[in-house]
Amino acid sequence: MMATSIIKPAVPVLLKEIESGSQFFKQGASLRVTGMLHAYSEDTAVAVIADANISFKINTVHLRDLSFRFGSYYQFIGELHILPEDVAILQARVGRIVDGLDPNLYNQSLQLRRQFESELVNS
Amino acid sequence: MNWFQAIHVKLLASDFLSLTVHNPPNNDPTFFRRGMQVWRLETVGVVVSKDRTGDFLKFVVDDGTGCIPCIIDLTDRSHLGLAAEVETERVLREAATVELGKLVRVRGKITQGEEGGLQLKVRDVGVEDDPNMEPLHWMDCIRLARSCYDRAAHP
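Residues numbered from 1 in each chain as written. Chains lettered and ligands numbered in written order. Predicted model: local features only at pLDDT ≥ 70, side-chain atom pairs only at ≥ 80, totals over all residues. Heavy atoms only, no water.

1. Section: the overall build of chain A
Part 1 of the argument: Within chain A, the secondary structure is distributed over one helix and six strands.
Part 2 of the argument: Ordered by position from the N terminus, the helices and strands of chain A form the series β-β-β-β-β-β-α.
Part 3 of the argument: Taking 123 residues into account, the globule formula puts the C-alpha radius of gyration at 14 Å, and chain A, at 15 Å, falls close to it.
Part 4 of the argument: Along the longest, intermediate and shortest principal axes, the C-alpha atoms of chain A span 50 × 30 × 30 Å.
Part 5 of the argument: By residue count, 44% of the 123 residues in chain A fall in the buried class. (Helix = DSSP H or I, 4+ residues; strand = E, 2+ residues; numbered from the N terminus. Rg over C-alpha atoms; globule rule 2.2 N^0.38 Å. Buried < 20%, exposed > 50% of the residue type's maximum accessible area, 1.4 Å probe, protein only.)

Have a look at this one:
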């Protein structure tokens, strides 16, 4: 008997991987994104994060107890909402500041982990 | 004795959630990873849900490969003596640090929840302030799987 979890995990992705045509670009996909805070509007609760010259919008209306500091690195977990003309925004469920995260360690570990996961699936 | 009974194995959540469960009649369920029996788990991930009901704190940890339900027993056992009082105090303090969005390291016993799904009965939990602890944990899981756990099942 195999047991399964009911709640879907948020797949960590790089901002450049969220674009029309990519496997991650699906309505309602649970994603975890990382980037530096470039903009934040208190009126709309929309934050803009950027990584490697790609920027991405986050709807933070449901988040509590998170301060928004320009220049800090953030990680958000939530669902992808695709609007007309393939514009996308993440409806965040949780967010955290990840200042101090080594981007090379994170990116390389993520690639190695994906490789390991596909080996597990194929074995 | 199987040494792994005392060890909190480090597995990615997807690996943990794929464990095979054996339900022998009149006995507690047992859990296997590719033929190797496991009893305890250590995981690192983000708290994505938290729910306090009565004497139990239930929370879910998402490491990006899967979501692991965790449960902490907050029953006050101080009346049983000093050791139990100290233990209750420790558990309550640790449980108070579990907040939505925090990166936590959880160690616990692998059990089956009410609906038959896998869950962790928490032994200890702590917030990881250094965000690098998470990718380092992923690397530990991969290294241990390849060099240790895969071999333990088939020496």
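2. What to know about the pairing of strand β5 (residues 73-83) of chain A
All names here are of chain A.
Part 1 of the argument: Where strand β2 (residues 30-40) meets β5, seven bridges bridge the pair, whose relative direction is antiparallel. Directly across from S30, in β5, lies its bridge partner E79.
Part 2 of the argument: The turn joining β5 and strand β6 (residues 87-97), which pair antiparallel and follow one another in sequence, is formed by three residues; a positive phi near 65° is taken by E85. (Pairing = 2+ DSSP bridges.)

3. Considering the nonpolar core
Nonpolar side chains tend toward joint burial in soluble globular proteins.
Residues and elements named next belong to chain B.
Part 1 of the argument: Ranked by internal contacts, the top residues of the largest apolar core, which has 45 residues, are F16, F59, I72, V106 and I110.
Part 2 of the argument: With seven residues, the top contributor of residues to this core is helix α3 (residues 133-153).
Part 3 of the argument: Here I110 is in contact with F16, L19, F31, V38, W39, R40, L41, L118, Q119 and L120, once residues within four sequence places are set aside. (Core = buried A, V, L, I, M, F, W, Y, C linked by side-chain atoms within 4.5 Å. Contact = heavy atoms within 4.5 Å.)

4. Here we look at the pattern of salt bridges
Side chains bearing opposite charge may pair, as long as their charged atoms lie close to each other.
Part 1 of the argument: Summed over all chains, the structure comprises 22 salt bridges over all chains.
Part 2 of the argument: The shortest N-O distance in the salt bridge between E17 of chain A and R114 of chain A comes to 2.7 Å. Within this pair, whereas E17 of chain A is found in the loop between β1 (11-13) and β2, its partner R114 of chain A is found in helix α1 (residues 103-122), the two being separated by 97 residues in sequence.
Part 3 of the argument: The partner of D124 of chain B in a salt bridge is R123 of chain B, and the shortest N-O contact between them spans 3.2 Å. (Salt bridge = Lys/Arg side-chain N within 4 Å of Asp/Glu carboxyl O.)

5. Digging into the interface of chain A and chain B
Part 1 of the argument: Counting residues at the interface gives 35 residues for chain A, matched by 39 residues for chain B.
Part 2 of the argument: Buried surface at the junction of chain A and chain B, both sides included, amounts to about 2900 Å², of which 63% is carbon and sulfur.
Part 3 of the argument: Inspection of the chain A/chain B interface yields three salt bridges.
Part 4 of the argument: Of the charged contacts in the structure, one is a salt bridge between R32 of chain A and E134 of chain B, with a shortest N-O distance of 2.7 Å.
Part 5 of the argument: Of all the elements in the fold, those that place two or more residues in the side of chain A that touches chain B are β1, β5, β6 and α1 of chain A.
Part 6 of the argument: Among the elements that take part in the side of chain A that touches chain B, α1 of chain A stands out by supplying ten residues, more than any other.
Part 7 of the argument: Class assignment of the residues belonging to the side of chain A that touches chain B gives a composition of 19 nonpolar, seven polar and nine charged. (Buried area = accessible area lost by both parts, 1.4 Å probe. Nonpolar A, V, L, I, M, F, W, Y, C, P; charged D, E, K, R; others polar.)

6. Describing the environment of Y149 of chain B
Residues and elements named next belong to chain B.
Part 1 of the argument: Tracing the chain through its elements places Y149 in helix α3.
Part 2 of the argument: Along the sequence, Y149 and F31 sit 118 residues apart, while their C-alpha atoms lie 14 Å from each other.
Part 3 of the argument: Once you skip the residues sitting within four places of it in the chain, Y149 turns out to touch F4, V9, K10, L11, R33, M36 and L144.

7. A closer look at the layout of surface pockets
Part 1 of the argument: Estimates place the volume of the largest pocket at around 520 Å³.
Part 2 of the argument: What lines the largest pocket is a set of 22 residues, and nearest its centre among them are G95 and R96 of chain A together with L100, G101 and K102 of chain B.
Part 3 of the argument: At five residues, β6 of chain A tops the list of elements feeding residues into the lining of the largest pocket.
Part 4 of the argument: When grouped by side-chain class, the residues that make up the lining of the largest pocket number nine nonpolar, three polar and ten charged. (1 Å grid on protein atoms, 1.4 Å probe; cavity = no way out; pocket = protein on both sides within 12 Å on 5 of 7 lines; lining within 4 Å. Points joined across faces, edges and corners; volume = space filled by probe spheres on them.)

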